[in-house]
Amino acid sequence: MSASPVANTSEAPNQLSTEQQQQIAQAQASTIPAGSDVPSPSASLYVGELDPSVTEAMLFEMFNMIGPVASIRVCRDAVTRRSLGYAYVNFHNIEDGERALESLNYTLIKGKPCRIMWSQRDPSLRKTGSGNVFIKNLDTTIDNKALHDTFSAFGNILSCKIAIDESGNSKGYGFVHYETQEAADNAIKHVNGMLLNDKKVYVGYHVPRKERQEKIEGYRAQFTNIYVKNLDETVSDAGLNEMFSKYGTVTSAVVQKDDEGKSKGFGFVNYENHGDAQKAVDALNETEQADGKILYVARAQKKAEREEELRKQYEQAKLEKLAKYQGVNLYVKNLDDDMDDEKLRQEFSVYGVITSAKVMGDDKGHSKGFGFVCFSSPDEATKAVTEMNGRMIGTKPIYVALAQRKEVRRSQLEAQMAQRNQMRMQQGMGMPGAPGYMPGAPMYFAPPGGFMPQGQRPVFPPNGMMPRPRWAPQQGQGMPFPPQGYGSGNNVRPPRQPRAPRGGAAAGQRKYANQSRQPHPAAEPTAETDAAAPLTAAALAAAPPEAQKQMLGERLYPLINAQQPEFAGKITGMLLEMDNGELLNLIEDSKALDNKINEAVDVLKAHMAEVSKDDA
């Protein structure tokens, strides 16, 4: 129920349009006198329960109708830049903030009701818990607004919230935070035990989680009910009572039975006091019975408590295992299909002692093309990564790196994608109106003139950068282009176009085209020559790094264009983000390429659907 401090108003929201930013600037110039400070914190609102797709621009359109907005900021994760589900809206005066709170609270934004409250900058006031009320046994049809309307009769409400699950359904309890403790006392006095939607509700003071946990731990330490399992099927309730009554007064002893009346092999024993129960646990736990079974005796636990305990044990074991293999476990991919565990171990054994080597396979035992190698020390693993990454094993260059958890890899990929999208956005802002330019998608460049001459292929940028287009010279073309050797990957200025002779432009073009085909010691092979020859791993490794993506793109584009001519350029650009070894495999393996194309088409269609939904 606490709110974070007000967002820094000095940062301009990067998703506001130019017109919206101008409106904010005009409002600031007309509302704030010269020499005054930024807007008062009292005019700052916290807006929570937001859908992750909600942006500053959407909130501006909504709140600017109430009054001039000073600033808006949607809070995002520092790494992934994903929305955290809440934002801050700062007005110039408190009257506009009050109107926004009264008229827009619980308004639907992207199908979810938002929750608006005053931003509280002092963390000590947020954490006191004064005036905070807890309500449980609520009907699932009661939402935030209905709860607010019910409890607003007892005082001014700062915040009101119903707890919901992952599906957006009510969990049956909620919180109401009043401005004063007197209002909270009044609400508890009048509503506790009353019927809301035909259900008797409990209303009491909110107890912080830490205090609740301390009370629960104290209660558990004074247990009287114990759980017994691995019982012989012949043990009855009377036998169980006789077994445990020697340690103290037993109030009940029950053996659980199935529908047919047969023992399930476990039961419960309840003592009159905690001391007797503790003695029984200490004396009988892990003792061998007459039938050879080891008896298990412990404090009885609820199912939720047992699940939580097992989850913590699993997470702890997982973390210990990760810590044990941190820096020594390597991930190896792009392996040949005939690579097995023994071959993988032999390839890496020269770098140190290998504790395990495993090639991952499918249900039929076929290799998935990747595996793991675990060394005995981090130094050996580091040496193996340095020496083996990119080395040819069989017919493919393998990729070797330290193994990572799926969550770590996902967060890194999200951060990389966010950074690339930000770079593309900045490039798009710097080149408005450029011919053949598509903002945010520098995967394909159309040639000058807006058409593709026959026999030419599009150029794909290495590593998502945006070089100048390069085109192979062609006789009879209306505008000759420099040979591929003068690509943007080199810091060489293209030669100036020769002036056409008086005999006609065609003669000059033929002369220039013929000259461009003459051997040049510094020039790379032309696109036509590259396309004709098969691309091997050795040929790719011999090419300069800046030309490798170019060569791979020229091989991939025709294959993709044959299946998806509409998205061929975009799909090729997306695939070029992959490692060179994987791209070589796609060129050779048509099935793998088909799968990647289908995945890319799904992503593009989902993106276009989201864009059209936002526009609507």
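Now for a look at the structure at hand. (Residues numbered from 1 in each chain as written. Predicted model: local features only at pLDDT ≥ 70, side-chain atom pairs only at ≥ 80, totals over all residues. Heavy atoms only, no water.)

Burial of helix α2 (residues 56–63) is extensive: six of the eight residues sit out of reach of the surface. Within α2, the full set of buried residues consists of Glu56, Ala57, Leu59, Phe60, Met62 and Phe63. (Buried < 20%, exposed > 50% of the residue type's maximum accessible area, 1.4 Å probe, protein only. Helix = DSSP H or I, 4+ residues; strand = E, 2+ residues; numbered from the N terminus.)

This part is about the packing of aromatic side chains. This structure, assessed with the given rule, holds 14 aromatic pairs. Judged by centre distance (5.7 Å) and plane angle (50°), the rings of Tyr331 and Phe372 are tilted. Here Tyr331 is found in strand β17 (residues 329–333), whereas its partner Phe372 is found in strand β19 (residues 367–375), with 41 residues between them in sequence. An aromatic cluster is defined as three or more aromatic residues linked by ring pairs; in this entry it consists of Tyr227, Phe266, Phe268 and Tyr296. Positioned above the aromatic ring of Tyr296, the side-chain terminus of Lys229 is 5.1 Å from the ring centre. Sitting over the ring of Tyr399, Lys333 keeps its end group 4.8 Å from the ring centre. (Phe/Tyr/Trp six-rings, centres within 6.5 Å; stacked < 30°, edge-to-face > 60°. Lys NZ or Arg CZ within 6 Å of the ring centre and 35° of its normal.)

All right, on to the pattern of salt bridges then. The tally for this structure, following the rule as stated, stands at 12 salt bridges. For Lys161, the salt bridge goes to Glu49, with nearest N and O atoms at 3.7 Å. Residue Lys161 is found in strand β8 (residues 157–164), and its partner Glu49 is found in the loop between β1 (44–48) and α2; the two are separated by 112 residues along the sequence. The shortest N-O distance in the salt bridge between Lys145 and Asp149 comes to 3.4 Å. Placement of both Lys145 and Asp149 in helix α5 (residues 144–151) is noted, with a separation of four residues, approximately one turn of the helix. Relative accessible area serves as the criterion here: at 44%, Lys145 is assigned to the partly exposed category. Classification of Asp149 as partly exposed rests on a relative accessible area of 44%. Here the salt bridges share partners, and the residues they tie into one network are Glu49, Arg115 and Lys161. (Salt bridge = Lys/Arg side-chain N within 4 Å of Asp/Glu carboxyl O.)

Turning to the sheet that holds β17, a few remarks are in order. The four strands are arranged β18-β19-β17-β22 in an open sheet whose pairing can be described as antiparallel. A strand with exactly one partner marks an edge of an open sheet, and here the two such strands are β18 (354–361) and β22 (399–402). Taking the axes of each pair of neighbouring strands and ignoring which way they run, one obtains an average angle of 20° across the sheet. (Pairing = 2+ DSSP bridges. Axes fitted to C-alpha atoms, helices over the stretch in contact; angles between N-to-C directions.)

Further remarks concern the side chain of Asn105. Structurally, the position occupied by Asn105 is in the loop between α3 (94–104) and β4 (108–109). Dropping the residues within four chain positions of it, Asn105 is found in contact with Ala100, Cys114, Arg115 and Ile116. (Contact = heavy atoms within 4.5 Å.)

Looking now at the sheet that holds strand β16 (residues 296–299). Pairing between the strands of a sheet comes from backbone hydrogen bonds, and it takes one of two forms, parallel or antiparallel. Taken together, the four strands give an open sheet; going across it, the order is β14-β15-β13-β16, and neighbouring strands pair in antiparallel fashion. Of all the strands in the sheet, the pair left with one neighbour each is β14 (250–257) and β16. Across the sheet, the mean angle separating the axes of adjacent strands is 20° when strand polarity is ignored. In this sheet, strand β15 (residues 263–271) lies alongside strand β13 (residues 225–229) in antiparallel orientation, the contact comprising five bridges. Its bridge partner being in β15, Val228 is matched across the sheet by Gly267.

With that out of the way, let us pick up α3. Regarding α3, the residues found buried are Asp96, Gly97, Ala100, Leu101 and Leu104. Each buried residue of α3 sits inside an arc of 135° when the element is viewed along its axis, so together they form one side. Against the buried residues of α3 lie β1, α2, β3 (83–91) and β6 (115–118). Positive phi appears at Tyr106, one or two residues downstream of α3, with a value of about 70°. (Arc of directions from axis to C-beta.)

Here we come to the nonpolar core. The biggest cluster of nonpolar side chains holds 24 residues, and the ones touching the most others in it are Leu552, Leu556, Ile560, Ile571, Leu575, Leu583 and Leu586. Broken down by element, the residue count for this core peaks at six residues, all from helix α20 (residues 590–615). By size, the runner-up hydrophobic cluster in this structure holds 21 residues, among which are Leu50, Leu59, Ala87 and Leu104. (Core = buried A, V, L, I, M, F, W, Y, C linked by side-chain atoms within 4.5 Å.)

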